[in-house]
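Commentary on secondary and tertiary structure
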Amino acid sequence: MTRRGLLASTAAAAGARAFAPAGATEFQIACMTLPYGNAPFERALSGIASAGYRYVAWGPYQGKEGKRIALLEPDAPASAASELARRTRGAGLEPVMMFAVTYVEAPDALTVYRRRIEQAAAARIPYVLVFGDIKDAPGLRQTWIRNLKAIG
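Here's what I pulled together on the structure shown here. No experiment lies behind these values; they were computed from the predicted model shown. (Residues numbered from 1 in each chain as written. Predicted model: local features only at pLDDT ≥ 70, side-chain atom pairs only at ≥ 80, totals over all residues. Heavy atoms only, no water.)

Tallying each qualifying case throughout the model produces 1 cavity of 30 Å³ or more. Taken as a whole, the largest cavity encloses approximately 90 Å³ of empty space. Contributing to the lining of the largest cavity are Trp58, Gly59, Pro60, Arg68, Ile69, Ala70, Leu71, Leu72, Met98, Phe99, Val101 and Arg116. In terms of residue class, the lining of the largest cavity is made up of 9 nonpolar, 1 polar and 2 charged. (1 Å grid on protein atoms, 1.4 Å probe; cavity = no way out; pocket = protein on both sides within 12 Å on 5 of 7 lines; lining within 4 Å. Points joined across faces, edges and corners; volume = space filled by probe spheres on them. Nonpolar A, V, L, I, M, F, W, Y, C, P; charged D, E, K, R; others polar.)

Looking at chain direction, strand β2 (residues 55-58) and strand β5 (residues 94-99) are connected through 4 bridges and run parallel. The residue of β5 that forms the bridge with tryptophan 58 is methionine 98. Sheet analysis places β5 next to strand β6 (residues 127-129), joined by 3 bridges and oriented parallel. Of the residues in β6, the one forming a bridge with phenylalanine 99 is leucine 129. (Pairing = 2+ DSSP bridges. Helix = DSSP H or I, 4+ residues; strand = E, 2+ residues; numbered from the N terminus.)

So, about the packing of aromatic side chains. Under the definition given, this model contains 3 aromatic pairs. Ring centres 5.6 Å apart and planes at 85° place the aromatic pair tyrosine 103 and phenylalanine 131 in the edge-to-face group. Taken together, the residues tyrosine 103 in the loop between β5 and α4 (109-123) and phenylalanine 131 in the loop between β6 and α5 (140-151) connect sequence positions 28 residues apart. Put simply, the rings of Phe99, Tyr103 and Phe131 pair up and form one aromatic cluster. (Phe/Tyr/Trp six-rings, centres within 6.5 Å; stacked < 30°, edge-to-face > 60°.)

We now examine the sheet that holds β6. Read from one edge to the other, the open sheet built from 4 strands follows the order β1-β2-β5-β6, with strand pairing classed as parallel. Two strands bound the open sheet, and with one partner strand each, they are β1 (30-32) and β6. The average undirected angle you get between the axes of adjacent strands in this sheet is 30°. One ladder, built from 3 bridges, connects β1 with β2; its direction is parallel. Bridge pairing in β2 places methionine 32 opposite alanine 57. (Axes fitted to C-alpha atoms, helices over the stretch in contact; angles between N-to-C directions.)

With that out of the way, let us pick up helix α3 (residues 78-90). Three- or four-residue spacings in an α-helix give side chains the same orientation, since the helix completes a turn every 3.6 residues. End to end, α3 covers 18 Å across 13 residues, agreeing with the expected 18 Å (1.5 Å per residue, within 8%). For α3, the full list of buried residues reads Ala81, Leu84, Ala85 and Thr88. Down the axis of α3, the smallest arc covering the buried residues is 100°, so these residues share one side. In α3, those exposed residues whose orientation departs by more than 90 degrees from the buried face are Ser79, Arg86 and Gly90. Positive phi shows up at glycine 92, right after α3, with a value of about 85°. (Expected span 1.5 Å × (residues − 1). Buried < 20%, exposed > 50% of the residue type's maximum accessible area, 1.4 Å probe, protein only. Arc of directions from axis to C-beta.)

Note on placement: methionine 97 falls in strand β5. Between the C-alpha atom of methionine 97 and that of glycine 59, which follows or precedes it by 38 residues, the distance is 8.5 Å.

Here we come to the nonpolar core. The tendency in soluble globular proteins is for nonpolar side chains to be buried side by side. By size, the foremost hydrophobic cluster in this structure holds 19 residues, and its most contacted members are Phe41, Ile48, Trp58, Leu72, Met98, Ala123 and Ile125. Breaking this core down by element, the ones donating at least two residues are α2 (41-50), β2, α3 and α4. The element that contributes the greatest number of residues to this core is α2, accounting for 4 residues. If you look at the next biggest cluster of nonpolar residues, it comprises 6 residues, including Ala100, Ala106, Ala109 and Tyr113. (Core = buried A, V, L, I, M, F, W, Y, C linked by side-chain atoms within 4.5 Å.)

All right, on to unusual backbone geometry then. A positive phi angle is found at valine 101, which is not glycine, with a value near 65°. Within the element layout of this structure, valine 101 appears in the loop between β5 and α4. Assessed through its relative accessible area of 27%, valine 101 is described here as partly exposed. At arginine 124, a position not held by glycine, the phi torsion is positive, near 60°. Its location among the elements puts arginine 124 in the loop between α4 and β6. Of the residues examined, arginine 124 reaches a relative accessible area of 58% and is grouped as exposed.

Put into structure tokens, the structure is as follows:
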């Protein structure tokens, strides 16, 4: 780097800070374990850490021949999530999100989401990813509202 380049980058950084709004949002950029679905969990963690990420999101796994590999079953005890978090942190990553693994409008959604929240709390994970069917089926919106209120 030249002296001119150093001065220009320093001035640009100082200017960016001067114009940043008070209370600006800070984003946590996480890599999901999903791309490592055919690899062991430790391989996912080492790959994500070596890519320079600090945060990780636990996603579902897709094993060989398209068979689902459960990283953490919805009915697993909260202690299992705590153990996965210990392994994740041991790899130098902070888990910040996990998949709920069921649609919010599913008949068993309340049971599954409550269990996922217990697991997330045990792992000290602040976010559970909610998702569902995007079709505008009759009553679907009301089911979402009812279930999200109950889960909340």
